[in-house]
Amino acid sequence: MRVNFTETVLRDANQSLIATRMSFAEFEGILEIMDRAGYYSLECWGGATFDSCLRYLSEDPWERLRKIKAKVKNTKLQMLLRGQNILGYRHYPDEIVRKFVAHSAKNGIDIFRIFDALNDFRNIEVAVDETLKQGAHAQGCICYTTSPIHNLEKYAAMGTQLEKMGVQSICIKDMAGIMGPQEAYDLIRALKSNVKVPVFLHTHSTTGLAPMTYLKAVHAGCDGIDTAISCFSGGTSQPATESMQYSLKQMGCETGLHEKVLKEINDYFKPIKSKYVESGQMDAFVMGTETDALVYQIPGGMLSNLIAQLKAQNAIDKLDEVLAETPVVRKDLGYPPLVTPSSQFVGTQAVFNVISGSRYKMIPNEVKDYVSGRYGKPSVPISEEIKKIIIGDEEVITCRPADLIEPQLEALKEEMKEYYEQEEDVLSYAVFPQVAMKFFKDRQAKKYGIDSSLVDKGNMTYPV
């Protein structure tokens, strides 16, 4: 049996352990060697990488992708796309989703792993359609969670729905590492009995279950798994590539991986990891095993966010109360899977409930939008009582949320035309307007050797 490996060190491992702070310059020197390792794909883009490049690393994410593609000639490049949310935290018009997918494919992405936080597949249909039109591989995701209504029958039906949509493979996305070995076995078996396309599994080592979960998934016929090179594995990252390769090889599975090359890759990343450990950017907490996630279902990134919010309020002593409140809010809101962006607004609401001393006294706009249907359809209907508290008598929309969004591309082009250098700039601005604009101004200032604070419309005349 062949088991495909997707290496995550360039995206999810980097995101989970060091908040996506690894620059292109740090990993450029190993890319050609990674291309020889025998990976099925390299997950290298999407998720938080786009935002982080612009916000923290002073890198053009599109240029980063082109540079990776120039060095990785044989291995498929993969990205994580949030469907109608693209890489942001709200829905965007169809025209922008299509343009973003088209330019991502043009610049080097081969596999688009596409998900919706609510498993409302209306929110991924445009991204899937455009991926197929671009001749790229569309991998549809099922966000894994547990609740009284999430069962094998429901997940199998989701798989069938994705296959009918035209996806070429399916990924079960266990963002909190809460899937146990038997659950993985049963779920993979159920999906493989209902769909003909390959089935992949993504999980995290947060709870310590992941290696066992992967092995049982492979026993059930799983076609591919996500792993991270060992020095960037474990904790809130994925299981170690080398350890999973060793285990599966003993079981008689073919992986296509070359062990000597994997050692070269790990040796390259070891000093990079040491640098982040010594600087404190790789916190000991994210490297540990957190079994409380089995109770609260809170992914590592969400937990870090909750801690930051509480510290900002001088209320870190309330963390246990917030952790206990999170599943209550999740139940009230119809059991959404806790993945971006639903994890953010569920967590923030739990913080507000605890800090204010009263449930739903303070309500973020994102929660109001969610309850009014602007993110999509919840897993189960929200009670009339909760709806009344959060949105009053406002009518809940039942259409695909993006159907209500007017085209924006031309207006956005006009807004940022002074900083336009490539067509992709408009897409960066569309998804992260404030962050992208600062990046554009800094880029322009660097180009002309001037103070970036002066780079603004009407304040500076540029050399011809």
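Refer to the structure above for everything that follows.
Residues numbered from 1 in each chain as written. Predicted model: local features only at pLDDT ≥ 70, side-chain atom pairs only at ≥ 80, totals over all residues. Heavy atoms only, no water.

**Quick look at helix α12 (residues 259-279)**
Compared with the 30 Å implied by 1.5 Å per residue over 21 residues, the 30 Å span of α12 between its first and last C-alpha is a close match. Maximal helix bending in α12 amounts to about 25 degrees, located at Lys270; proline Pro271 follows within four positions. Residues of α12 that are buried include every one of Val261, Leu262, Ile265, Asn266, Phe269, Ile272 and Tyr276, and no others. Contacts made by the buried residues of α12 are with α1 (12-18), α2 (24-27), α3 (31-34) and α11 (241-250). Downstream of α12 by a residue or two, Gly280 has a phi angle that is positive, lying close to 90 degrees. (Helix = DSSP H or I, 4+ residues; strand = E, 2+ residues; numbered from the N terminus. Expected span 1.5 Å × (residues − 1). Bend = angle between axes of the 7 residues up to and from the residue. Buried < 20%, exposed > 50% of the residue type's maximum accessible area, 1.4 Å probe, protein only. Contact = heavy atoms within 4.5 Å.)

**Here's the deal with the packing of aromatic side chains**
All told, the structure shown has 16 aromatic pairs when counted by the stated rule. Between Phe345 and Tyr375, the ring centres sit 5.3 Å apart and the planes meet at 50 degrees, which makes this aromatic pair tilted. With Phe345 in helix α16 (residues 342-356) and Tyr375 in the loop between α17 (365-371) and α18 (384-391), the pair connects residues that are 30 residues apart, well separated along the chain. A residue is classified by how much of its surface remains accessible, and Tyr375, at 9% relative accessible area, is buried. Taken together through their ring pairs, the aromatic side chains of Trp45, Phe50, Trp62, Tyr89, Phe100 and Phe432 make up a single cluster. The ring centre of Tyr56 lies 3.6 Å from the NZ or CZ of Arg21, which sits over that ring. (Phe/Tyr/Trp six-rings, centres within 6.5 Å; stacked < 30°, edge-to-face > 60°. Lys NZ or Arg CZ within 6 Å of the ring centre and 35° of its normal.)

**Some remarks on the nonpolar core**
Membership of the largest hydrophobic core comes to 102 residues, with the highest contact counts inside it found for Met34, Tyr39, Leu81, Phe100, Phe232, Ile265 and Phe269. Among residues more than four places away in sequence, those in contact with Ile265 are Ile30, Ile33, Met34, Ala37, Tyr39 and Ile229. In this structure, Leu303, Leu306, Leu323 and Tyr375 belong to the second largest nonpolar core, which totals 29 residues. (Core = buried A, V, L, I, M, F, W, Y, C linked by side-chain atoms within 4.5 Å.)

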